[in-house]
Amino acid sequence: MISDRELVKMAIDAKNKSYSPYSGFRVGAALLTSNGATYTGCNIESASYSPTNCAERTAFFKAVSEGERDFNTIAIAGSLLEETADYCYPCGVCRQVMAEFCAVKDFRILIAKSDDEWLEYSLEQLLPFSFGPKDLNK
Ligand code: THU
């Protein structure tokens, strides 16, 4: 299993793939599965705006479309400008996608400012009182 620091570095690297000509806000994510596989993602924008996909969902959709269903940790790095790198928290839609596939108490979210500065949360901390598969008996 790779270290948190390695996962954070992968998220920072994934920022370089960001397609964000409209906002200029570049985001990278690195998702670790329970069996140690990793999937990266970046945000992908659109001239018609609403099809925009966040980095976190890109990573999740890549992984789920490859058959992955069990997840351990996601690292996220995002910033408008390299010099003003700050902590970038996942949007509400991405938190809900995480809740679809992850146990809210166990899934870990690493919010990275640099490869030696990150904050760790559980999904439950970022999405309390969640609605999810359990409410539909799934
Ligand atoms: N974005 C992400 O990719 N992840 C987040 O957690 C926050 C927002 C993207 C969406 C859009 O391309 C840009 O950042 C500005 O909202």
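The coordinates are above.
What comes next concerns the included structure.

### Description of the site of the ligand
The full set close to the ligand counts 13 residues, and Asn43, Glu45, Cys54, Ala55 and Glu56 are the nearest of them. Measuring from an oxygen atom of the ligand, one finds a side-chain N or O atom of Glu45 at 2.5 Å. In the model, an oxygen atom of the ligand is placed 2.6 Å from a nitrogen or oxygen of the Glu56 side chain. Surface burial for the ligand is 78%, taken as the share of its 370 Å² of free accessible area covered by protein chains. Taken together, the residues of the shell around the ligand break down into eight nonpolar, three polar and two charged.

### Side note on the sheet that holds strand β2 (residues 38-42)
Read across the sheet, five strands follow the order β2-β1-β3-β4-β5 without closing on themselves; strand pairing throughout is mixed. In this open sheet, the two strands that pair with only one neighbour each are β2 and β5 (117-122). Recorded for the sheet is a direction-independent mean angle of 20 degrees between the axes of neighbouring strands. With five bridges connecting them, strand β3 (residues 71-79) and strand β4 (residues 108-114) associate as parallel partners. Counterpart to Ile74 in the pairing with β4 is Ile109.

About the cut-offs
Every chain's residues receive numbers from 1 upward, in the order its sequence appears when written. Where totals are concerned, whole chains, interfaces and linings use all residues; where local detail is concerned, this predicted model gives features only for residues with pLDDT of at least 70, and gives and counts side-chain atom pairs only at 80 or more. As a convention, hydrogens and water are excluded, and side-chain values are obtained from all of the structure's heavy atoms. Nearness here has a simple test: a residue counts as near a molecule or strand if at least one of its heavy atoms is within 4 Å of that partner. What qualifies as a polar contact is a pair of N or O atoms within 3.5 Å, subject to a donor-acceptor requirement within protein and to the restriction that residues adjacent in sequence count only when both atoms come from side chains. Here, Shrake-Rupley sampling with a 1.4 Å probe gives the accessible areas, and only protein chains in the shown set may cover a residue. For this classification, Asp, Glu, Lys and Arg are treated as charged, while Ala, Val, Leu, Ile, Met, Phe, Trp, Tyr, Cys and Pro are nonpolar and the rest, including Gly, are polar. Each pair of strands is called paired provided DSSP finds at least two bridges between the two strands. Every helix listed is a DSSP run of H or I at least four residues long, and every strand listed is a run of E at least two residues long, numbered separately from the N terminus. Axis angles are defined between N-to-C directions and span 0 to 180 degrees, where every axis is a line fitted to C-alpha atoms and, for a helix, only to the segment in contact.

Functional significance is not addressed by these values, which are geometric in nature.
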